[in-house]
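Architecture and fold: a report
So you can see what is in the structure, the chains are spelled out below.
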Amino acid sequence: MVEALTEAGFHVEAAGTGQQALHLMERDGYQVLVADLHMPGTPIGTALAKRLHDADPSTQVLAVTTRSDAVAKLRSEGIEAATLAVPGDTDRLVAAVRGLLKK
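Presented here is a report on the structure given in the accompanying data block. (Residues numbered from 1 in each chain as written. Predicted model: local features only at pLDDT ≥ 70, side-chain atom pairs only at ≥ 80, totals over all residues. Heavy atoms only, no water.)

The subject of this paragraph is the overall build of the chain. Across its full length, the chain holds 5 helices and 3 strands. Helices and strands in the chain line up, N terminus first, as α-α-β-α-β-α-β-α. Taken over C-alpha atoms, the radius of gyration comes to 12 Å for the chain, in line with the 13 Å a tight globule of 103 residues would show. Seen through its principal axes, the chain has C-alpha atoms that stretch 30 × 30 × 25 Å. Of all 103 residues assigned to the chain, the portion counted as buried reaches 36%. The long-range share in the chain, meaning contacts at least 24 apart out of those at least 6 apart in sequence, stands at 58%. Accessible surface, the chain: about 6100 Å² in total, of which carbon and sulfur atoms supply 51%. In the chain, which carries 10 positive and 13 negative side-chain charges, the distance between the mean positions of the two groups comes to 5 Å. (Helix = DSSP H or I, 4+ residues; strand = E, 2+ residues; numbered from the N terminus. Rg over C-alpha atoms; globule rule 2.2 N^0.38 Å. Buried < 20%, exposed > 50% of the residue type's maximum accessible area, 1.4 Å probe, protein only. Contact = heavy atoms within 4.5 Å. Areas by Shrake-Rupley, 256 points an atom, 1.4 Å probe, with all protein chains shown as cover. Lys, Arg positive; Asp, Glu negative; His and termini not counted. Charge placed at Lys NZ, Arg CZ, Asp CG, Glu CD.)

Counting residues in each nonpolar core, the largest one holds 15 residues, and the members touching the most others are Leu-37, Leu-52 and Leu-74. Those elements that provide at least two residues to this core are α2 (18-27), β1 (32-36), α3 (45-55), β2 (60-64) and α4 (68-76). If we ignore the near neighbours within four places in the chain, the residues touching Leu-74 are Leu-37, Thr-46, Ala-49, Ala-63, Ile-79 and Ala-81. Grouped together as the second largest cluster of nonpolar side chains are 11 residues, Ala-4, Leu-5, Val-32 and Leu-62 included. (Core = buried A, V, L, I, M, F, W, Y, C linked by side-chain atoms within 4.5 Å.)

Another point: helix α5 (residues 90-101). The terminal C-alpha atoms of α5 lie 17 Å apart, and with 12 residues this matches the ideal 16 Å at 1.5 Å per residue to within 8%. Listed in full, the buried residues belonging to α5 are Leu-93, Val-94, Ala-96, Val-97 and Leu-100. Each buried residue of α5 lies within a common arc of 160° when the element is viewed along its axis, so the set occupies one face. Of the residues in α5, the exposed ones pointing more than 90 degrees away from the buried face are Asp-91 and Arg-92. The N-terminus of α5 is capped by Asp-89, whose side-chain oxygen sits 2.7 Å from the backbone nitrogen of Asp-91. (Expected span 1.5 Å × (residues − 1). Arc of directions from axis to C-beta. Polar contact = N/O pair within 3.5 Å; in protein donor to acceptor, adjacent residues only side chain to side chain.)

With respect to the helices and strands, the residue Val-94 is situated in helix α5. Relative accessible area serves as the criterion here: at 10%, Val-94 is assigned to the buried category. In the structure, Val-94 is positioned 88 residues away from Thr-6 in sequence and 9.6 Å away in space, judged by C-alpha atoms. Not counting residues up to four positions away in its chain, the partners in contact with Val-94 are Ala-4, Leu-5, Ala-8 and Phe-10.

In this structure the tally under the stated criterion is 6 salt bridges. We note a salt bridge from Glu-13 to Arg-27, for which the minimum N-O separation is 3.1 Å. Remark: Arg-27 occurs in helix α2 and Glu-13 occurs in the loop between α1 (2-7) and α2; sequence separation between them is 14 residues. Overlapping salt bridges bring together Lys-50, Asp-54, Lys-73 and Glu-77 as one network. (Salt bridge = Lys/Arg side-chain N within 4 Å of Asp/Glu carboxyl O.)

These figures capture arrangement, not role.
Below, the structure is given as structure tokens:
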């Protein structure tokens, strides 16, 4: 995902764990969060996405998951998230991020 987004011209920072993602979001903030809802280092990816969104509600969320229950949980927490199947088609990934940046 990082390579596809970088090649498409986006500035990308990757986090290998939930804690790293929190640190990056707190330090820099981002327009779009591409969140693997099954990321290592956090018990529940939806909880991480909620914490990141709460830190900056203007951040658009792209939830990368094959589980509809995870997306439903995000929406029940008040987070409107676009979704992409894991790992998904890179063309769709790039298009989804471009779409979120237009919001």
